[in-house]
Amino acid sequence: MEVCIAGTGSYVPEKILTNEELATLVDTSDEWIVTRTGIKERRIAAEGEYTSHMAAKAAERALEQAGIAAEDIELIIVATITPDTFTPATACYVQQMLGAKRAVAFDISAACSGFLYAMKLSKRMISDGAFKNALIIGAEKLSAFVNWEDRGTCVLFGDGAGAAVLRRAEPGEGSILATEMGTDGNLTHLLNIPGGGSACPITPENAGKHLASLAMLGKEVFKHAVIRMKEAAEKVIERSGLQPEQIACVIPHQANLRIIDAIADRLAVPNERVFVNLHKYGNTSAAAVAIALDEANRSGAFKRGDHIVLVVFGAGLTWAAAAVRW
Ligand code: ACO
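Residues numbered from 1 in each chain as written. Predicted model: local features only at pLDDT ≥ 70, side-chain atom pairs only at ≥ 80, totals over all residues. Heavy atoms only, no water.

What am I meant to see in the sheet that holds strand β11 (residues 247-252) here?
One key point about sheets: their strands pair by backbone hydrogen bonds, in either a parallel or an antiparallel sense. The four strands are arranged β8-β13-β12-β11 in an open sheet whose pairing can be described as mixed. Looking at the sheet topology across the chains shown, the edges are occupied by β8 (175-183) and β11. On average, each strand axis in the sheet is inclined to that of its neighbour by 10°, with strand direction left out of account. Examined bridge by bridge, strand β12 (residues 307-314) and strand β13 (residues 318-325) share eight bridges and lie antiparallel to one another. Residue pairing across strands places H307 opposite R325, the latter belonging to β13. Sheet contacts for helix α10 (residues 286-298): β11 and β12; angle to β11, the most-contacted strand, approximately 150°. (Pairing = 2+ DSSP bridges. Helix = DSSP H or I, 4+ residues; strand = E, 2+ residues; numbered from the N terminus. Axes fitted to C-alpha atoms, helices over the stretch in contact; angles between N-to-C directions. Contact = heavy atoms within 4.5 Å.)

Right, dumping it as structure tokens:
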């Protein structure tokens, strides 16, 4: 059974934090951030605005575009590393906010790769007949898990959410043609939030040490990102029988413009067919590729019948790709 993407949506908070403003908080500059990453500004969630709120807003837009009512959604998967609470899952809050009473709802944690992990999972759950449709969401409030005194990480991340509605495809409609996922648990130390879990609870003694903040060995992550994203994209391109010139749009994880350029180069896809919005939002982890998909979709970067490739990479290390006929 073919599964199509029937609608996309996204939401970013109103508050913009520019590189210039960040340079008043830590020893950095617009020039350093733009040259090394391509990021100009990022969005920061308001106080009292949680991951679930952003997720629900993105979801409403995706449902509207898909023409499916919330009460008809059967499955909700939220990909996040910044849940509202450890338990219940953020997807449960989203189900309540949307009024999606019939939906089974749960979260997955695969960092920046989470949205495409959710895509593969829900595609399978629809095509094996268990569900008619699914709402998949990548949503993050990374501003709550960033050490605002660490210039090496705080300049990179932002908040936001993106969503897509998947359903059984009618003949002649689009289709998710191929998916790929991978994990290398030997490299957990390259990128993590070390504290706040059962391995290292936050206590009064360690509370000031920023252990519940993102920590990253950037150069190492960069190297693996380029290799793994290229391999994953090549696999889904090959499996769906596409040539690079048949790809209307590549939508990569939005972490660093230099990583994106390196991948476009290795895949032999011209830069104008690679969607980039990280200058506006920074790295929003699981939300990044979902927001980019929605913006690319709504801006006409591809049209019905076109082939697109999504490719992501994140903590774990994890990576994933999908080839889609729109
Ligand atoms: N402003 C000014 N200087 C800085 C800043 C800053 N914000 N941050 C670091 N520096 C300094 C460092 O201290 C270092 O100084 P030194 O040479 O005197 O020691 C110098 O700049 C170079 O630092 P590097 O870390 O080596 O810089 P690099 O060129 O590697 O760029 C970056 C860092 C942007 C983080 C890059 O490595 C990168 O993008 N890596 C990939 C990150 C990624 O893709 N993550 C994806 C997954 S995210 C997820 O899963 C949540």
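Looking at this structure, how should I read the site of the ligand?
Taken together, 26 residues form the shell around the ligand, and within it T28, R36, C112, R151 and N256 come nearest. Note that an oxygen atom of the ligand is positioned 2.7 Å from one of the side-chain N or O atoms of N256. Taking R258, its side chain carries an N or O atom lying 3.5 Å from an oxygen atom of the ligand. Considered on its own, the ligand offers 1000 Å² of accessible surface; in the complex 75% of this is hidden by protein. Using a 2 Å cut-off from the grid points, one finds that the ligand occupies the largest pocket. Going through the elements one at a time, α2 (30-37), α6 (151-154), α7 (218-239) and α8 (257-267) are the ones with two or more residues in the shell around the ligand. Here the residues of the shell around the ligand sort into 13 nonpolar, eight polar and five charged. Looking at the shell around the ligand, you find at least three residues from each of domain 1 (3-173) and domain 2 (176-325). (Near = heavy atom within 4 Å. Polar contact = N/O pair within 3.5 Å; in protein donor to acceptor, adjacent residues only side chain to side chain. Areas by Shrake-Rupley, 256 points an atom, 1.4 Å probe, with all protein chains shown as cover. 1 Å grid on protein atoms, 1.4 Å probe; cavity = no way out; pocket = protein on both sides within 12 Å on 5 of 7 lines; lining within 4 Å. Sits in = over half its atoms within 2 Å of the grid points. Nonpolar A, V, L, I, M, F, W, Y, C, P; charged D, E, K, R; others polar. Domains from an automatic or database assignment.)

I would appreciate a short explanation of the packing of aromatic side chains in the present structure.
Both the distance between ring centres and the angle between the ring planes are used here to describe each pair of aromatic rings. Inspection of the entire model under this criterion finds one aromatic pair. Residues F302 and W326 carry aromatic rings whose centres are separated by 4.9 Å and whose planes lie at 65° to one another, so their mutual orientation is edge-to-face. With F302 in the loop between α10 and β12 and W326 in the segment after β13, this pair connects stretches of sequence that are 24 residues apart. (Phe/Tyr/Trp six-rings, centres within 6.5 Å; stacked < 30°, edge-to-face > 60°.)

Even after reading the chapter, I still don't get the sheet that holds strand β7 (residues 159-168), so can you show me in this structure?
Spatially, β1-β7-β6-β4-β5 is the arrangement adopted by the five strands of the open sheet, whose pairing is mixed. In the strand order of this sheet, the two ends are held by β1 (3-11) and β5 (104-108), each with one partner. Across the sheet, the mean angle separating the axes of adjacent strands is 20° when strand polarity is ignored. In the sheet, strand β4 (residues 75-79) pairs with β5 via five bridges, with the strands oriented parallel.

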